[in-house]
Amino acid sequence: MAAKRISTVLSRSFTSAAAPHFFFSRVRGGAGQSRLICRYNSTLAAVEDPITPPVSVKYNQLLINGQFVDAASGKTFPTLDPRTGEVIAHVAEGDVEDVNRAVSAARKAFDEGPWPRMTAYERSRIIWRFADLLEKHTDEIAALETWDNGKPYEQSAKIEIPMTVRIFRYYAGWADKIHGLTVPADGPYHVQTLHEPFGVAGQIIPWNFPMLMFSWKVGPALACGNTVVIKTAEQTPLSAVYAAKLFHEAGLPDGVLNVVSGFGPTAGAALASHMDVDKLAFTGSTDTGKIVLELASKSNLKPVTLELGGKSPFIVCEDADVDQAVELSHSAVFFNQGQCCCAGSRTFVHERVYDEFVEKAKARAIQRAVGDPFKEGIEQGPQVDSDQFEKILRIIRSGVKSGANLKAGGDRFGTTGYYIQPTVFSDVQDDMLIAKEEIFGPVQSIFKFKDLDEVIQRSNSSRYGLAAGIFTHNLDTANTLSRALKVGTVWINCYDVFDAAIPFGGYKMSGNGREKGIYSLSNYLQVKAVVTSLKNPAWL
């Protein structure tokens, strides 16, 4: 499958001229009703009733050893609709005892069960059948994803679930192609390397891309023959457990994949510090990643891969087509409500095109379609929960207070739910909080620069190093920047291009290890050297 630029597939075309503050377009809503899509406006309230999601919650328990079970404590917690703050469902609240049960099931499935003893081709077929089932149930899973997370349904159904399917098919293809080497040695020895699964893999996934992160973690772990205990984010627990049920329908043996919903300080900490977990993978904030790494090191020193935060630069050079650069940088920041670890949230613009860029970026933000994510044509739904909502507004207020020029947005959108106006700041300085903090929201900060040496130094001054975007037609400029920027991914004249085969991960405090592609397999394999003495070998 060709690489997808997920931030722009759903983007809408607009003229670069200044737009009116709002307009309405009519689309067909639920029950055949004509509904309104609201363009962003600082005074416009969201007046429509939320659309009833086309799905029901079937699974809200833990999945341990192939069975749906309640938490040992009997506790549940509410998962909320970010459009309204109302309860979608009450979900089993896993804790230490539940993690122990799940790890025990995974351990038995690895030590005694058929999964690691199957031929690699058999494992491949089960993963492939699961991908087919996932594809068949795209509509239901996409609706759960949007309902629980707030992301546009078109994004869930047309981009993210198909990409999830592609990831699992990619790793199904890898399952029977994992092998070691024969190594020459000085002396009469036969030396071979074996690539062996670790055993029980503990995995902790975030709320911003629940199903994609499920695939990035579970796909390579199972392809390598490991068993898995995965903890879902407390904000978005619904889609992963639905998918895990489909995995068992595809023929996955009991205990191979266990799903525990719960909170980080309890279930997450129990998994990270568990003495019988052999490998740990975490995606989330850098601060939480430090805690996860500490817990792992204080327990059994299990290896940990981390995919953490970012504050990625998007560099618009002086030769840029400003209209194209505005659209691409807009997508780089605002996609998924700005809730992307690799969001191009530091927009560096050359001084020669700076003023024009700022005005057009402002106009594009004002045109952004904000509203109920189940409506056709919506580009931006609500933030995931009240904590993120309040954090983003607090950082926006700090930007105003510190002297940045608020060009668009700056407040909540409407009066209900966790919607925030697409916000644009100009004249941003490197020492401002909006320039340093990972906002994880729909906020674009625009900086001015003079030359390449300056923008390289300023781009690399961040503690993060996840990704960067470069917009230029000059090959020498692109080559200079792509080698100088200390990040794990560089996109040139594109952004957010993801493919199953393209590795993803960070430098510095954006983490270690790589997700996706061939590189992720090494996260879930140990290398064993086997040396056999040879007697009177015919050759060496």
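Every chain begins its residue count from 1, and numbering advances along the sequence as written. The predicted origin of the model limits local features to residues at a pLDDT of at least 70 and limits the giving and counting of side-chain atom pairs to 80 or more, whereas totals for whole chains, interfaces and linings rest on all residues. Computation of side-chain values covers all heavy atoms of the structure but excludes hydrogens and water.

Under an unreviewed UniProt entry, the protein has the name aldehyde dehydrogenase (NAD(+)) and belongs to Populus deltoides. UniProt positions are given in the numbering used here, feature names are shortened, and annotations may be inferred rather than shown by experiment. The record held by UniProt for the protein lists under Function (unreviewed entry) the comment "Possesses activity on acetaldehyde and glycolaldehyde in vitro." Listed in UniProt under the heading Catalytic activity (unreviewed entry), the comment for the protein reads: "an aldehyde + NAD(+) + H2O = a carboxylate + NADH + 2 H(+)".

What about the pattern of salt bridges?
Should a side-chain nitrogen of Lys or Arg be within 4 Å of a carboxyl oxygen of Asp or Glu, the pair is scored as a salt bridge. Summed over all chains, the structure comprises 25 salt bridges. Note that Glu 294 and Lys 298 form a salt bridge whose closest N and O atoms lie 2.9 Å from each other. Of the two residues, Glu 294 and Lys 298 both sit in helix α8 (residues 286-298), four residues apart, roughly one turn of that helix. A salt bridge links Arg 458 to Glu 454, with the shortest nitrogen-to-oxygen separation between them at 2.7 Å. One end of the pair is Arg 458 and the other is Glu 454, both in helix α13 (residues 452-459) and four residues apart, which spans about a single turn. One connected set of salt bridges, linked through shared partners, spans Arg 107, Asp 111, Asp 276 and Asp 278. A run of DSSP states H or I qualifies as a helix once it reaches four residues; a run of E qualifies as a strand once it reaches two. Both are numbered from the N-terminal end.

Brief notes about the UniProt feature "active site" (unreviewed entry) in the protein
Annotation from UniProt places "active site" (unreviewed entry) at Glu 307. In what follows, a contact means two residues having at least one pair of non-hydrogen atoms within 4.5 Å. Setting aside its immediate chain neighbours within four residues, Glu 307 contacts Met 213, Trp 216, Phe 282, Thr 283, Gly 284, Cys 341, Leu 466, Phe 504, Ser 510 and Glu 515.

Some thoughts on the side chain of Asn 460
Counting through the fold element by element, Asn 460 comes out in the loop between α13 and β20 (464-465). Whenever a nitrogen or oxygen atom comes within 3.5 Å of another N or O atom, the pair is scored as a polar contact, on the condition that within protein one atom can donate a hydrogen and the other can accept it, and that pairs from neighbouring residues in sequence are kept only if both atoms are in side chains. In terms of polar contacts, Asn 460 uses its side chain to reach the backbone amide nitrogen of Lys 486, at 3.0 Å. Discounting chain neighbours no more than four positions away, the residues touching Asn 460 are Ala 484, Leu 485, Lys 486 and Lys 508.

A word on the sheet that holds strand β8 (residues 182-183)
In this analysis, strands are considered paired if DSSP registers two or more bridges between them. Ordered in space as β8-β9-β26, the three strands form an open sheet in which the pairing is antiparallel. Single-partner strands in this sheet number two, and they are β8 and β26 (525-533). Here nine bridges tie strand β9 (residues 189-197) to β26, and the two strands are oriented antiparallel to one another. Looking across to β26, one finds that Thr 193 is bridged to Ala 529.

Points about the nonpolar core
Here, nonpolar core refers to any group of buried Ala, Val, Leu, Ile, Met, Phe, Trp, Tyr and Cys residues whose side-chain atoms link them within 4.5 Å. The cut-offs for exposure are 20% and 50% of the maximum accessible area for each residue type, with area from a 1.4 Å probe on protein chains only; residues under the lower value are buried, those over the upper are exposed, and the others partly exposed. Membership of the largest hydrophobic core comes to 106 residues, with the highest contact counts inside it found for Phe 214 and Phe 247. Setting aside chain neighbours within four positions, we find Phe 214 in contact with Phe 130, Phe 168, Ile 205, Gly 219, Ile 230, Ala 240, Ala 243, Ala 244 and Leu 257.

Considering the packing of helix α2 (residues 120-136) against helix α6 (residues 238-249)
Here, axes are lines fitted to C-alpha atoms. For helices the fit covers the stretch in contact, and angles between N-to-C directions go from 0 to 180 degrees. Following both chains from N to C, one finds α2 and α6 inclined at 130°, their axes separated by 8 Å at the closest point. The orientation of α2 relative to α6 falls into the category oblique. Where α2 crosses over α6, the handedness of that crossing is right-handed. Residues Ile 126, Ile 127, Phe 130, Leu 133 and Leu 134 of α2 touch α6, and the partners they reach there are Ala 243, Leu 246, Phe 247 and Glu 249. In the contact of α2 with α6, the residues fall into eight nonpolar, no polar and one charged. Orientation categories follow fixed angle ranges, with anything under 35 degrees roughly parallel, anything over 145 roughly antiparallel, 65 to 115 roughly perpendicular, and all other angles oblique. Helix crossings get a hand from a simple test, with the near helix turned counterclockwise from the far one by less than a right angle marking a left-handed crossing and a clockwise turn marking a right-handed one. When residues are sorted by character, Ala, Val, Leu, Ile, Met, Phe, Trp, Tyr, Cys and Pro go into the nonpolar class, Asp, Glu, Lys and Arg into the charged class, and all the rest, Gly among them, into the polar class.

Structural notes on the packing of aromatic side chains
Put simply, two rings from Phe, Tyr or Trp (the six-membered ring, in Trp's case) pair if the centres are within 6.5 Å, and we call them stacked under 30 degrees between planes, edge-to-face over 60, tilted for the rest. Tallied over the full model, the rule gives 20 aromatic pairs. Between Phe 168 and Phe 247, the aromatic rings sit 5.7 Å apart at their centres with planes inclined by 85°, giving edge-to-face as the arrangement. Linking Phe 168 in helix α4 (residues 153-174) with Phe 247 in helix α6, this pair joins segments that are 79 residues apart in sequence. What makes Phe 168 buried here is its relative accessible area of 0%. Where Phe 209 meets Phe 335, the ring centres are 6.2 Å apart and the plane angle is 20°; that geometry is what we call stacked.

Concerning empty space enclosed by the protein
Of the grid points, spaced at 1 Å and generated over the protein atoms alone, those admitting a 1.4 Å probe that cannot get out make up cavities, while open sets with protein on both sides within 12 Å along at least five of seven lines make up pockets; any residue with an atom within 4 Å of a point is treated as lining. Grid points are joined across faces, edges and corners, and a volume is the space filled by probe spheres set on the points. Under the defined criterion, the tally for this structure stands at five cavities of 30 Å³ or more. Of the pockets and cavities examined, the second largest cavity occupies roughly 80 Å³. Lining the second largest cavity are 13 residues, with Gly 338, Ala 343, Ser 345, Ile 439 and Phe 440 sitting closest to its centre. The class makeup of the residues in the lining of the second largest cavity is seven nonpolar, four polar and two charged.

Observations concerning helix α5 (residues 210-223)
One less than the number of residues in a helix, times 1.5 Å, gives the span that helix is expected to have. Helix length check: α5 (14 residues) gives 20 Å between terminal C-alpha atoms against 20 Å at 1.5 Å per residue, within 8%. The buried fraction of α5 is high, at 14 of 14 residues. Positive phi appears at Gly 225, one or two residues downstream of α5, with a value of about 95°.

Things to note about the packing of α4 against α5
Here α4 crosses α5 at 5°, and the two axes come no closer than 9 Å. Compared by their axis directions, α4 and α5 come out roughly parallel. Taken together, the residues of α5 that come into contact with α4 (itself represented by Glu 160, Ile 161, Met 163, Thr 164, Ile 167, Phe 168 and Tyr 171) are Met 211, Leu 212, Phe 214, Ser 215, Trp 216, Val 218, Gly 219, Pro 220 and Ala 223. Among the residues forming the contact of α4 with α5, the class breakdown is 12 nonpolar, three polar and one charged.

A closer look at the environment of Ile 492
Counting through the fold element by element, Ile 492 comes out in strand β22 (residues 489-492). Once the C-alpha coordinates of Ile 492 and Lys 391 are considered, the two residues, 101 residues apart in sequence, prove to be 31 Å apart.

Thoughts on the sheet that holds strand β21 (residues 467-471)
Sheet architecture is open: seven strands sit in the order β17-β18-β19-β16-β15-β21-β22, paired in mixed fashion. Edge positions in the sheet fall to β17 (405-408) and β22, since each of these pairs with one other strand and no more. For this sheet, the mean inter-axis angle between neighbouring strands, taken without regard to orientation, is 20°. Lying over the sheet, α13 contacts β15 (313-316), β16 (346-350) and β19 (443-449), oriented at roughly 140° with respect to β19.

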